[in-house]
Each structure stands twice: as C-alpha cells, then as structure tokens.
Amino acid sequence: MTKIAISSEGPTLLDQVDPRFGRAAGFIIADPEDMTSTYIDNGASQARAQGAGIQAAETVARHDVSAVLTGYVGPKAFQALSAAGIKVAQDFGNISVKEAIERYNQGNIAWVKLSQTKGPRR
Amino acid sequence: MKISIASGKGGTGKTMVTASLATIWRRPLVAVDLDVEEPNLHLFLKPSISDQWAAFMEVPKVDESRCDFCRQCSDLCQFKAISVLNSVVMVFTEMCHGCGGCIAVCPKKAITSDHRMLGEISLGTFQTKGFLMGRLRVGESMSPPLIKKVLEELSCQKIFSDKTDVLIDAPPGVSCPAVSAVIESDVIVLVTEPTPFGLFDLRLAQQAFIPLDKPMGVVINRAGIGNNAIYQFCKKAQLPVLAEIPYQRSIAEAYSKGLVIARNSKKMSNLFFQLTKAIFRLAASELKVQHA
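Conventions we followed
Residues numbered from 1 in each chain as written. Chains lettered and ligands numbered in written order. Predicted model: local features only at pLDDT ≥ 70, side-chain atom pairs only at ≥ 80, totals over all residues. Helix = DSSP H or I, 4+ residues; strand = E, 2+ residues; numbered from the N terminus. Buried ≥ 20, exposed ≤ 12 C-beta atoms within 10 Å, placed from the backbone. Domains from an automatic or database assignment. Contact = placed C-beta atoms within 7 Å. Nonpolar A, V, L, I, M, F, W, Y, C, P; charged D, E, K, R; others polar. Axes fitted to C-alpha atoms, helices over the stretch in contact; angles between N-to-C directions. Parallel < 35°, antiparallel > 145°, perpendicular 65-115°, else oblique. Left-handed = near helix turned anticlockwise from the far one by under 90°.

Novice: Explanation requested: the environment of B:Asp213 in the structure shown.
Specialist: All names here are of chain B. Looking at where Asp 213 falls in the secondary structure, it is placed in the loop between α7 (196-209) and β10 (216-223). Of the residues examined, Asp 213 has 9 C-beta atoms within 10 Å and is grouped as exposed. Taking the C-alpha atoms as reference, Asp 213 lies 31 Å from Glu 58; in sequence the two are 155 residues apart.

Below, the structure is given as structure tokens:
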C-alpha cells in the first residue's frame, strides 16, 4: 500500500488543498486506491518562527508517505523531503483534497525536480 | 562609559551623530560600528585598519555512521537547523543559532562542531582613538552573533583599558540586532526626526529598550520639519531632548561628502560639545538615583 500526503485546510477529503506546505493547517494522509484517509494537524509548524517547512517534512516522513501534493514547497523543505525519498508535486491550489487525489490517480503529475525549487543563490 | 547611538527608524542620523561625537570626544575612546549589515562609520572617521579577521559561529556536523536516528537533536532544535528524516540527518547550517544543544544532547556522540563564517571584524585607529567594526558576510541572515563577537573584542583587546569610553553606532530597528548592540551600554541615545514616522519608531524603540533599565535621551535631527508631536511625546515619556540638529542643506551637503558635521562649523561643533555634556549628565543622574 502506498500512501500520499496532501496539505489540507481541514480534516476531510472535501476540504481545500492548502497551497502552503510548511504552514499548511494540516495534512491528509491518504491511500489513493481506496480513498481511506487520516488527518494530522500541523499547528506546531504554523507556530514556528522558522523551519516550518522542515518540521512539516519531518511530520509527513514519519507517516511513511511516498509523495506530497501541495501548492508550493520551499527549497529547504524540498531538500528534506527528497532526503526522505518523498516525491513532490506542486500547484494544487483551488481544488479539494479529493480532486487532488483523483488527479494523482489519473497519473498526470509533474514531479518537482531539484532545479525547479527557488532559493537563495549560493 | 558605554554609549549607544540607536534609533527605531533608519536614516535618522545615527552615524552622523556617532561620527561627530567620536571626532570631538576628549577622553580615551573606541568607536564601534555595530550596524554590521551596512557598516558606514568608517567612511566618516576614516580609520587606519591595523587588523582584520573572520568571525565564526559553532554549527553541528553529523557523523551518520554513529547516528541511530533517535531524533533527540531534531526535537531539541527550535530552529530546525538539524532534522532527522527517517534514516537521514540533515543540517541546515544557515539556520543554526549556535547554541550547541544538539552536540550536548546526542547520546551517540555523533555530532561534532563545525563552523559557519559570520563576517569580518576590523580593528584600527583614528586620531588617537580606537575603531572597531563588524561587517556581516553577504548571505548571512543573522547579525546578533557577529554583534556579540565584536562586543567581546572590547574586553579581549588589551589596547582598550577600563577607562576607555565606548561609542556604539547601533543598527536601526528595535528587534534582536538593535537590542544586542545596546544591551551592554550605560546610556542609550535615540536619534529621531520630528515626523510621524520618526515618532512612531521612537515610541517602539522606547518601549523595546525600557526593560533594559538604562538612562535614555533623544537627539532630534532635522529639527524644523514636521510637527511638535515628538516633543510632546518626549515630555510625556520623560525622555530628555539632549540636542536638536537643524534641518539645513549645508549639513546634508557635508554629510554627502563624507565630512564630520561637528567639524563643519563652529555652531555644529558647539552643538556636539553640548550633547557630550548632556550625555555625561544623563549618565551621572542615573548613578545618583541608583545610589540614593
């Protein structure tokens, strides 16, 4: 069974995808095959002054997901997710979590590559 | 005596006041530029720099072969500078505040100390006085660690005796950089201007620095523009107005050429001598109150 995490504004599949990753209200951990899901609150990350994205990456990594669907992932969170072997897809704004999972099931997902994440130039 | 020249609002004239005071100061002095994000006091004091070195902060380095991914470091770090993701440990060096907690808490001794360059510290002289400056590394996001390192030099460098006065050009604002710069001072001089912007930020600065319990006074720069609200605020808040620098084209012209305005005219030089006296009085009045 493969699980995926979707940043969500609320606890149900009918809630909107939260366009933020690190400071998302919470995450829906879903099995895309049978649409079963659990919700994890991300309040602790929201309250952080810094490192919200990394904290959120730790949270979803702990739930053993293979992919994250969200609006936008910052460069540090992306590095962390990649290190944990989690794939990332962005631009899931303005749709429900259910629609996001359906899009995932249709298989037409553009996975983010490292070169696409914005960050400070070194 | 340590005196910080601070302000809430940027661009009110901190460096202009610091450069003038430093130039006419009659006792042994070291002028310190702690506006490390954009130091510019040297442009006016034109010190000869005798020594320059890099300042570093301790950050963690992980030996993953010794790590059992227990997450104690990751759970302790308030800044997520160290993160355990399943069986990978990631260090985000630029987010580390250098507390050393992860190194101390690691049960496997898998974390050792590495370092991150904060910036450069310069030491020099102007006239017969000392000069010290911090310059933040481009890309470094935290200035307080470097500000603290520069302040440490005051006690490390043997050339500064206990009797040497310290004049600090502080960074603008009222957050950690400004507080780190003024926290060890005996007196805080707030430079402002009589505009709504000046007043708003002066109020913030006063509120931020009150808990430090130090004598504070105000220098009003560009006096003559704006309105009287700032004078009313100072009166109500019992902040003495130590000096008023008039809004004059000649001052702006001199400043733009890198000149010290206390040297620009007799009137200005007198104004800054009076300010020096007012600062001494402010410091002395506080001593009396404490001893009474």
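Read on, since the account is not over.
Novice: I'm lost on the domain arrangement of chain B in this one. Help?
Specialist: How big an interface is tends to be stated in terms of the accessible area lost upon association of its parts. Residue and element names in this part refer to chain B. On domain assignment, one finds that chain B holds domain 1 (2-55 + 119-291) and domain 2 (56-117). Here the C-alpha centroids of domain 1 and domain 2 sit 38 Å apart. Listed per partner, the contact involves 5 residues of domain 1 and 5 residues of domain 2. The residue inventory of the side of domain 1 that touches domain 2, partitioned by class, reads 3 nonpolar, 1 polar and 1 charged.

Novice: Explanation requested: the interface of chain B and chain A in the structure shown.
Specialist: Between chain B and chain A, the contact holds 11 residues from the first and 13 residues from the second. Those elements that place two or more of their residues in the side of chain B that touches chain A are β4 (82-85) and β5 (88-91) of chain B. Here the residues of the side of chain B that touches chain A are counted per class, giving 6 nonpolar, 4 polar and 1 charged.

Novice: Help me understand the packing of α7(B) against helix α8 (residues 229-236) of chain B in this model?
Specialist: For any two helices packed against each other, one specifies the crossing angle of their axes together with the interaxial distance. All names here are of chain B. Look at α7 against α8: their axes get within 9 Å of each other, and the N-to-C directions meet at 20°. Classed by the angle they form, the pair α7 and α8 counts as roughly parallel. The element α7 and its partner α8 pack so that their crossing is right-handed. Listed contacts from α8 to Gly 198, Leu 199, Leu 202 and Arg 203 of α7 are Ala 229, Ile 230 and Phe 233. Tallied by class, residues from the contact of α7 with α8 come to 5 nonpolar, 1 polar and 1 charged.

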